[in-house]
Amino acid sequence: MSRRPVLRLGFWLVAAGAVLRAAAAPAPVMVLSAPGQFEVAALDAAEAHAVAAAGSGLWRQLAGPLGLPDAFPAPIFVRVVPDPAATEGAGSATQFSAVAESGGVVSVRLMRRGELEPAAVQRALIRGLLLRLRTAAFGTEHTGEPPAWLETGLRAWAAARAEPALLDRLKYESARETPPRLAALLAGADRAGADPAGERAAAWWVALLLAESGRAGEWPALLRAVLGGREAGAALAAAYPGRFDTDAERELWWATGWHHLRRQRTLPVLEAAEARGELEALARFVFAAPDADRDVVLPLAEAVQHPPDGLLDAEIVRRRQRLERLVPALHPFYRNAGLALAEVFAARVRPPAQRTAALAAFAQDWRDAEEVAALTTAALDRWERAGPR
């Protein structure tokens, strides 16, 4: 008899690096997006998995801009609870709060009415990240919420980078708008998303700051300053010298940057390493072994070939939908592999022979992508070692 791990209906499958726990009866489900990142607790397993997956995605997308480590000493604790103020017929909404406690512990509380709203989940997790970075840099010296423009802008920027269609939408909806005054943007970027124009402006502002940051480290300096409580105007003048001699020059720089970014005809493309990481995360399943208190990696082939299972099937559907949105942004080295992985997920409901063929095609495209990436890296390394000509 085969001794390989067997999934059961009670096993919770989540995104790459997740820790899965089985529950025989309704009870809080604990899920780690990855050690030292987000720990999510919820009564609904699907909600816990969705929030953990969102946390994994945001960590990958914002690791560079925020300078995130691989892991914090303690994870950011996220709790999903029903909104105690919810009344029947009140509609669907998601409220959240975050607090930094002594010792660097950051807790995020998501209060939902109806289904969780993805944008609210993303904002909540980003607020948790910003508070965790602030406590790492300053301890509990500073309190209060991070600047609204920073939280809102990072969320919209990350969403547009993760899904190129959202960038197209951002450009389209901004076409007939004019950039708001920078002072108004910094003072009033709507944190709750009730002002879509304000959220779009915050996205362009964050994109401009990142684009204008070079080896001098302008963006990291600004981020540290505003998280440390410095007024945004003074922090800008110090972190981006030469752009802010007068208010008029500051406004001109912002307006010019707005129109330049909005009119660019390019879509975001992930770096090769980023694309590789995204595909690895989507192809990797982790679950709790039924006979031991440990986690086991389930090979992609076993996940796809496994008999019907409600939770497993739902997780594969979620990953397939995510991959379909991601493919346009994949680096050319890995685009064929991404398309092949989408076919693997689609083959979940097809005959076994078609699943086997899809898995073989993905494996070949993955090997091709790895070979091209390695050869390119080696060629660039040789060129760099040769020095200037």
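First, a word on what this report is: a plain description of the structure on this page. Just so you know, these numbers come straight off a predicted model, no measurement behind them.

### Describing the overall build of the protein
In step 1: Within the protein, the regular secondary structure consists of 14 helices and seven strands.
In step 2: Within the protein, the fraction of its 389 residues that count as buried is 48%.
In step 3: Long-range contacts, defined as pairs at least 24 residues apart, comprise 67% of the intrachain contacts of the protein with a sequence gap of at least 6.
In step 4: On the protein, roughly 19100 Å² of surface is accessible, and the fraction owed to carbon and sulfur atoms is 56%.

### Notes on the packing of helix α13 (residues 332-346) against helix α14 (residues 352-386)
In step 1: The N-to-C vectors of α13 and α14 enclose an angle of 165°; their axes lie 8 Å apart at closest approach. Viewed along their axes, α13 and α14 adopt a mutual orientation that is roughly antiparallel. Once α13 is placed against α14, the crossing between them reads as left-handed. Between α13, through Phe333, Tyr334, Asn336, Ala337, Ala340, Leu341, Glu343 and Val344, and α14, the contact on the second element is made entirely by Ala358, Leu359, Ala361, Phe362, Asp365, Trp366, Ala369, Glu370, Val372, Ala373 and Thr376.

### Brief notes about the pairing of strand β2 (residues 38-42)
In step 1: Of all five residues in β2, five are buried; the element is thus mostly enclosed.
In step 2: Residues Phe38, Val40 and Ala42 line one face of β2 and the alternating positions Glu39 and Ala41 line the opposite face, and both faces are buried.
In step 3: Relative to β2, strand β1 (residues 29-32) is paired through four bridges, and the arrangement is antiparallel. Bridging from a neighbouring strand, Met30 pairs with Ala41 of β2.
In step 4: Connecting the antiparallel pair β1 and β2 is a turn made up of five residues, with Gly36 showing a positive phi of about 75°.
In step 5: Where β2 and strand β3 (residues 76-82) come together, five bridges link them in parallel fashion. Residue pairing across strands places Ala42 opposite Val80, the latter belonging to β3.

### What about the packing of aromatic side chains?
In step 1: Under the counting rule described, the total for this entry stands at eight aromatic pairs.
In step 2: The interplanar angle of 85° and the centroid separation of 5.4 Å between the aromatic rings of Trp205 and Trp254 together place this pair among those described as edge-to-face. Residue Trp205 is found in helix α6 (residues 196-212), and its partner Trp254 is found in helix α9 (residues 247-263); the two are separated by 49 residues along the sequence.
In step 3: On the accessibility criterion, Trp205 (0% relative accessible area) is buried.
In step 4: Plain terms: the ring middles of Tyr240 and Trp253 are 6.0 Å apart, the flat faces sit at 50° to each other, and that makes the pair tilted. Taken together, the residues span a long stretch of sequence, with Tyr240 in the loop between α8 (232-239) and α9 and Trp253 in helix α9 at a distance of 13 residues.
In step 5: Using a relative accessible area of 14% as the deciding quantity, one classes Trp253 as buried.
In step 6: Here the aromatic cluster, defined as three or more aromatic residues joined through ring pairs, consists of Trp205, Tyr240, Trp253, Trp254 and Trp258.

Analysis parameters
- Residues numbered from 1 in each chain as written.
- Predicted model: local features only at pLDDT ≥ 70, side-chain atom pairs only at ≥ 80, totals over all residues.
- Heavy atoms only, no water.
- Helix = DSSP H or I, 4+ residues; strand = E, 2+ residues; numbered from the N terminus.
- Buried < 20%, exposed > 50% of the residue type's maximum accessible area, 1.4 Å probe, protein only.
- Contact = heavy atoms within 4.5 Å.
- Areas by Shrake-Rupley, 256 points an atom, 1.4 Å probe, with all protein chains shown as cover.
- Axes fitted to C-alpha atoms, helices over the stretch in contact; angles between N-to-C directions.
- Parallel < 35°, antiparallel > 145°, perpendicular 65-115°, else oblique.
- Left-handed = near helix turned anticlockwise from the far one by under 90°.
- Pairing = 2+ DSSP bridges.
- Phe/Tyr/Trp six-rings, centres within 6.5 Å; stacked < 30°, edge-to-face > 60°.

In short, geometric facts, not functional conclusions.
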